[in-house]
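Structural characterization, general
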Amino acid sequence: MPGYVRSRRVTVAVLLLVVACCCCHMQPVACRSALYNTNATRKEGMLNVHIISHTHNDPGWLSSFTQYHRTVTLDDHTIGGVEAILDSVVLQLLDNPDRTFVYADLAFFVKWWQELHEDTKATVRHLVQQGRFEFTGGGIVQHDEATSHYSGMIDQMSLGMRFLQEEFGHSPKIAWQLDGFGHSNTEPLLKSMGGFEAVFFGRSDHADMAQRKQNRSLELIWRGSEAYGSETDMFASQYPTGNYGPPSMQWFFERRDDYGKFLADSVQDDPETGTYNVQGLIDEFVQRAEEWQRAVQGEDNGK
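What you are looking at is a predicted structure, and each value in this text was computed from that prediction instead of being measured.

Definitions and limits used
Residues numbered from 1 in each chain as written. Predicted model: local features only at pLDDT ≥ 70, side-chain atom pairs only at ≥ 80, totals over all residues. Heavy atoms only, no water. Helix = DSSP H or I, 4+ residues; strand = E, 2+ residues; numbered from the N terminus. Buried < 20%, exposed > 50% of the residue type's maximum accessible area, 1.4 Å probe, protein only. Contact = heavy atoms within 4.5 Å. Areas by Shrake-Rupley, 256 points an atom, 1.4 Å probe, with all protein chains shown as cover. Salt bridge = Lys/Arg side-chain N within 4 Å of Asp/Glu carboxyl O. pLDDT = per-residue confidence, 0-100. Pairing = 2+ DSSP bridges. Axes fitted to C-alpha atoms, helices over the stretch in contact; angles between N-to-C directions. 1 Å grid on protein atoms, 1.4 Å probe; cavity = no way out; pocket = protein on both sides within 12 Å on 5 of 7 lines; lining within 4 Å. Points joined across faces, edges and corners; volume = space filled by probe spheres on them. Nonpolar A, V, L, I, M, F, W, Y, C, P; charged D, E, K, R; others polar. Polar contact = N/O pair within 3.5 Å; in protein donor to acceptor, adjacent residues only side chain to side chain. Right-handed = clockwise from strand over helix to strand, strands pointing away.

This paragraph deals with the overall build of the protein chain. When helices and strands are counted, the protein chain shows 8 helices and 10 strands. Here the protein chain holds 303 residues, and 45% of them are scored as buried. Taking the contacts inside the protein chain whose residues are at least 6 apart along the sequence as the reference set, 71% of them involve residues at least 24 apart. As presented, the protein chain carries roughly 15700 Å² of accessible surface, and 51% of it is formed by carbon and sulfur atoms.

What follows is the structure, encoded as structure tokens:
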């Protein structure tokens, strides 16, 4: 599918994020893409929707870093499994050349990378060179913007960017602040100095977000410093959902609960099961896409 914005001159009309959360137990599944007539081409006269497959993994939240990285059972609950997410992503990218994936928050990736066989590392490097496995953000974590000191922001970003340069010769150009609580103009200031072109973020004041939806200003040019002026200007986009995931939990394939049991509200794409729900989800998708398009200035209609 089309990827994220690479220039301030391009405005994304709608951005839907399909999230593989580390709090769910992930297992590789057989490819069924042949069931769908999908490709990355654009169609004139239609609203072109950019779907970005990505994952957001908290290095620390309700469990330890290691527990999230491994798939473990704790108090009869299956938790973690970031290594399984990364393993399955590589398999699915190899299975279908039309697929792409975006990864941020390098803490888990670095640990996974250190344990890989050299042959697998070569495969991943090739996927990165093809632009099908992409890195965004570039930091070890998505740092907080509201309370963190700028020196901490610089340190953790430097660690991540150095790793990407040494292993892939790659420097991300898109800042990825999907799960931060609070935002400050220190972010576009530092990122513009670091060669970034755009920042995408979630979570903001509800009243401010409602107003921006109404006047179609969820996308803006964010100035990091009045003193430095336009040199610190950066294209910024706030997700219409206010968060980094899809608006409905039904938009997951094979979603499981903490015990590994499949949930009934997942995508059911086999008509023989009696619980087929694809058409209803498509109708909801179209409705939401049209709603989101009305909240931004851009009209990515293929022209």
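There is more to say, and it comes next.
Right, let's get into the pattern of salt bridges. In the structure shown here, the tally under the stated rule is 11 salt bridges. Arg125 serves as the salt-bridge partner of Glu167, at 2.8 Å between the closest nitrogen and oxygen. One end of the pair, Glu167, is in helix α5 (residues 150–168); the other, Arg125, is in helix α4 (residues 118–129), and 42 residues separate them in sequence. According to the relative accessible area criterion, Glu167 is partly exposed, its value standing at 25%.

What follows covers the confidence of the model for the protein chain. Per-residue confidence for the protein chain averages 78 on the pLDDT scale, and 76% of its residues sit at or above 70. This model gives residues 1–34 a pLDDT under 50, and the stretch forms 118 contacts once residues within four places in sequence are excluded.

It is worth spelling out the sheet that holds strand β8 (residues 198–201) at this point. Taking strand neighbours across the sheet as the criterion, the 4 strands line up as β7-β8-β10-β9 in an open arrangement whose pairing is mixed. Each of the sheet's edge strands pairs with one partner strand only, and the pair in question is β7 (174–177) and β9 (219–223). The mean angle between the axes of side-by-side strands here comes to 25 degrees, regardless of whether they run parallel or antiparallel. One ladder, built from 5 bridges, connects β9 with strand β10 (residues 233–238); its direction is antiparallel. From the neighbouring strand, Leu220 faces β10, where its bridge partner is Ala236.

Let us now look at the layout of surface pockets. One number sums up the size of the second largest pocket: a volume of about 230 Å³. Lining the second largest pocket are 15 residues, with His56, Asp58, Gln142, Asp179 and Phe181 sitting closest to its centre. The residue inventory of the lining of the second largest pocket, partitioned by class, reads 4 nonpolar, 6 polar and 5 charged.

Attention now moves to the side chain of Asn57. Relative to the helices and strands, Asn57 is located in the loop between β2 (50–55) and α1 (65–69). A distance of 2.9 Å separates polar atoms of two side chains, one belonging to Asn57 and the other to Tyr103.

Let us now look at the pairing of β8. Side chains Ala198 and Phe200 project from β8 onto one buried face, and the interleaved Val199 and Phe201 project onto a second face that is buried too. Bridge count between β7 and β8: 4 bridges; the pairing is parallel. Opposite Trp176, over in β8, you have Phe200 as the bridge partner. In this fold, β7 hands off to helix α6 (residues 186–193), which returns the chain to β8; that crossover is right-handed. Where β8 meets β10, 4 bridges bridge the pair, whose relative direction is parallel.

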